[in-house]
Amino acid sequence: MTVTTFVTLLFVVLISISIVSSENHDFHGAVFNVRSKFSAKDRSISSLKAHDSYRHLKRVVDAGVDVHIGGSGRPDSVGLYYTKIGIGTPPKEYHVQVDTGSDIMWINCIQCQGCVNKGYHGLDLTQYDPNASYTEKPVTCQEEICKDINGVTDTVHGCKANASCFYNENYGDGSNSMGYMVKDVVQYDSVFGDLITQLEKASVIFGCGTIQTGTINSSDDALDGILGFGNSNASVISQLASSGKVKRMFAHCLDSDNGGGIFAIGHVVQPKVNSTHLIQEQGHYTVNVTGIEVDAEFLNLSTYAQHGGVEKRRAIIDSGTTLAYLPEVIYKPLVNKIITGRLDMRHLYPHDGYTCMDLSGSLDGEFPAVTFHFESSLSLKVYPHDYLFAYDGLTCLGWQKNDMGSKDIRETIVLGDFILSNKLVLYDLEKQTIGWTEYNCSSNITIMDDISKFLYLVGSHRISSAFSLVIHRSITFMLLVSLLIIHAK
């Protein structure tokens, strides 16, 4: 046996041992150390509105028509929260957006035509090379997941034996993403004890993007890809669940003050949350709003309700949108209720597309809280400090009129990050429910291992980095191979 053959065989054996040992390890849950794209000093209202405008334009495709949920993945490059994961063997590090509004995981591919090399805040972007990973496997159009991705129930159009599974996403703002699906090892932090994590591996099918056009390829906003946590069979959470590693449950707690938070896969048992059911056959996490309360009075949710109809309004829960967007029939009465009797209309200033006031100091005692009521007795209380923002020496209202996109979108409530921040939001896709509770996102949550029933603490900004382990293991392995080559000589 030659030295080259021996080293190659050893390399394959060690990789196999590493993967098998990791996949057989008792799994207690996954944790993603998220960071905010908009820090306190970078959170200008104009940048936030531009971000939301971009997302709303794209939503014309998703929520404006009845699209099969498996095909509703939206590879956002403009994300509020992002994390780092390792992909491939040997692993490379990628910055990806954490997005509850997207289904598939999607990474820039080495064959990408015209992809930018620098992304958000000058971030060096990394392109995935399937040929550089020993664990990469192609995904064919004949596989069941390809049907989910392309939104079909039968054979994918034009599918031939052993042909690649392709995806093609078009967006309302003219952006387009195309590529093919691959399967490879993804590395992340697994909960191993109280505030302790250990590197975990799982095989995940994701998109290898070869063509990107439009806003999604902007060097001002680009990341390496997205980590989709949508409700389809192709999402990361669904794939991990189908492999038996987790149940389809995850939670996030976004810290508006420190710009990070907790994003965990697993059965969260503390804090307790009240929940409401998700509306079926919707491409987003959508629920029914049954009332909006201001100053102990309820607003009409529609003009139809004034004539004896049932008051109910769809609302999208979207951690990737910044502010709260309301249909016109709700927006105007809400703003009037907040302002009337508290502020002379002459003191209101239109500024950067927002309604602003020349006020300062704590305003929680001066303005009312707004409470959204949902089915199953779930409520969401939005305090003045949640919907009022200091900007250019003024105080501005964060409520926005939803005037973008199709009629269907304009009639929908969208509750974004500022409303969801500082709350533990729990998605239970096993029961198809979503719920939340006010919470200090810089503290700990408790998840339960459903097999052992052990409880483990997960903390914000306290988890160890898996990537130091990734680098350490890669260096150790290369040193081992070098020593073997020297010894063989």
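Provided above is the structure to which this section pertains.
Residues numbered from 1 in each chain as written. Predicted model: local features only at pLDDT ≥ 70, side-chain atom pairs only at ≥ 80, totals over all residues. Heavy atoms only, no water.

Chemist: What exactly am I supposed to notice about the pairing of strand S19 (residues 348-351) here?
Modeler: Moving residue by residue along a regular strand, the side chains alternate between the two faces of the sheet. Relative to strand S20 (residues 354-357), S19 runs antiparallel, the two being bridged by 4 bridges. Residue leucine 348 lies in a different strand from S20, and its bridge partner there is methionine 357. In textbook terms, the turn of a hairpin is the stretch between consecutive antiparallel strands, and for S19 and S20 this stretch comprises 2 residues, one of which, aspartate 352, has a positive phi near 55°. (Pairing = 2+ DSSP bridges. Helix = DSSP H or I, 4+ residues; strand = E, 2+ residues; numbered from the N terminus.)

Chemist: How should I be thinking about the packing of aromatic side chains in this particular structure?
Modeler: Here the distance between the centres and the angle between the planes together describe a pair of aromatic rings. Inspection of every chain in the model, using the stated rule, returns 11 aromatic pairs. Plain terms: the ring middles of phenylalanine 374 and tryptophan 436 are 5.1 Å apart, the flat faces sit at 75° to each other, and that makes the pair edge-to-face. Taken together, the residues phenylalanine 374 in strand S21 (residues 370-374) and tryptophan 436 in strand S28 (residues 433-438) connect sequence positions 62 residues apart. We classify phenylalanine 374 as buried; its relative accessible area is 3%. Here the aromatic cluster, defined as three or more aromatic residues joined through ring pairs, consists of Phe229, Phe250, Phe263, Tyr285 and Tyr427. (Phe/Tyr/Trp six-rings, centres within 6.5 Å; stacked < 30°, edge-to-face > 60°. Buried < 20%, exposed > 50% of the residue type's maximum accessible area, 1.4 Å probe, protein only.)

Chemist: Would you mind going over the sheet that holds strand S23 (residues 388-391) with me for this structure?
Modeler: The strands making up a sheet associate through hydrogen bonds between their backbones, and the pairing can be parallel or antiparallel. What the 4 strands build is an open sheet, ordered S19-S20-S24-S23; its pairing is antiparallel. Each end of this open sheet is capped by a strand with a single partner; those strands are S19 and S23. On average, adjacent strands in this sheet sit at an angle of 40° to one another, irrespective of strand direction. Pairing geometry for S20 and strand S24 (residues 394-397), over 2 bridges, is antiparallel. If you follow methionine 357 over to S24, its bridge partner there is threonine 395. Each of S19, S20 and S24 touches helix H5 (residues 328-339); the most contacted strand, S24, lies at about 140° to it. (Axes fitted to C-alpha atoms, helices over the stretch in contact; angles between N-to-C directions. Contact = heavy atoms within 4.5 Å.)

Chemist: Honestly, the nonpolar core in this entry has me stumped. Any pointers?
Modeler: Generally speaking, a soluble globular protein has its nonpolar side chains buried in company with each other. Counting residues in hydrophobic clusters, the biggest one holds 68 residues, and the most contacted among them are Met105, Phe372 and Trp399. A per-element tally of this core places H5 first, with 6 residues. Those residues in contact with phenylalanine 372, other than ones at most four positions away along the chain, are Val289, Gly291, Ile292, Leu326, Leu378, Ser379, Leu380, Val382, Trp399, Ile413 and Leu415. (Core = buried A, V, L, I, M, F, W, Y, C linked by side-chain atoms within 4.5 Å.)

Chemist: Honestly, the state of the cysteines in this entry has me stumped. Any pointers?
Modeler: A covalent bond between the sulfur atoms of two cysteines is referred to as a disulfide. What the rule picks out here adds up to 6 disulfides. A sulfur-sulfur separation of 1.7 Å characterises the disulfide bridge that pairs cysteine 109 with cysteine 208. Its S-S torsion of approximately 55° makes the covalent link between cysteine 109 and cysteine 208 right-handed. A residue pair is termed long-range when its members are at least 10 positions apart, and cysteine 109 in strand S5 (residues 106-113) and cysteine 208 in strand S9 (residues 196-213) qualify at 99 residues. For the pair cysteine 109 and cysteine 208, a shared accessibility class is recorded, and that class is buried. (Disulfide = S-S within 2.5 Å.)

Chemist: Can you help me understand the pattern of salt bridges in this one?
Modeler: Two side chains with opposite charge may pair up if their charged atoms get near one another. What the rule picks out here adds up to 7 salt bridges. Two residues, glutamate 297 and lysine 337, come together in a salt bridge whose shortest N-O distance is 3.0 Å. Here glutamate 297, found in strand S16 (residues 297-298), pairs with lysine 337, found in helix H5; they are 40 residues apart in sequence, far enough to count as distant. Residue classification places glutamate 297 among the partly exposed residues on the basis of a relative accessible area of 45%. Lysine 337 sits in the partly exposed class, given a relative accessible area of 22%. (Salt bridge = Lys/Arg side-chain N within 4 Å of Asp/Glu carboxyl O.)

Chemist: Just checking my understanding: could you explain unusual backbone geometry for this structure?
Modeler: Phi is mostly negative for residues that are not glycine, and the peptide bonds are mostly trans. Backbone torsion omega between threonine 89 and proline 90 reads -5°, so that peptide bond is classified as cis. Going from glutamine 270 to proline 271, the amide bond is cis rather than trans, its omega being 5°. Positioned with a positive phi, alanine 296 is a non-glycine residue whose angle comes to about 65°. Structurally, alanine 296 is set in the loop between strand S15 (286-294) and S16. For serine 377, which is not a glycine, the phi torsion comes out positive at approximately 65°. Inspection of the secondary structure puts serine 377 in the loop between S21 and strand S22 (379-382).

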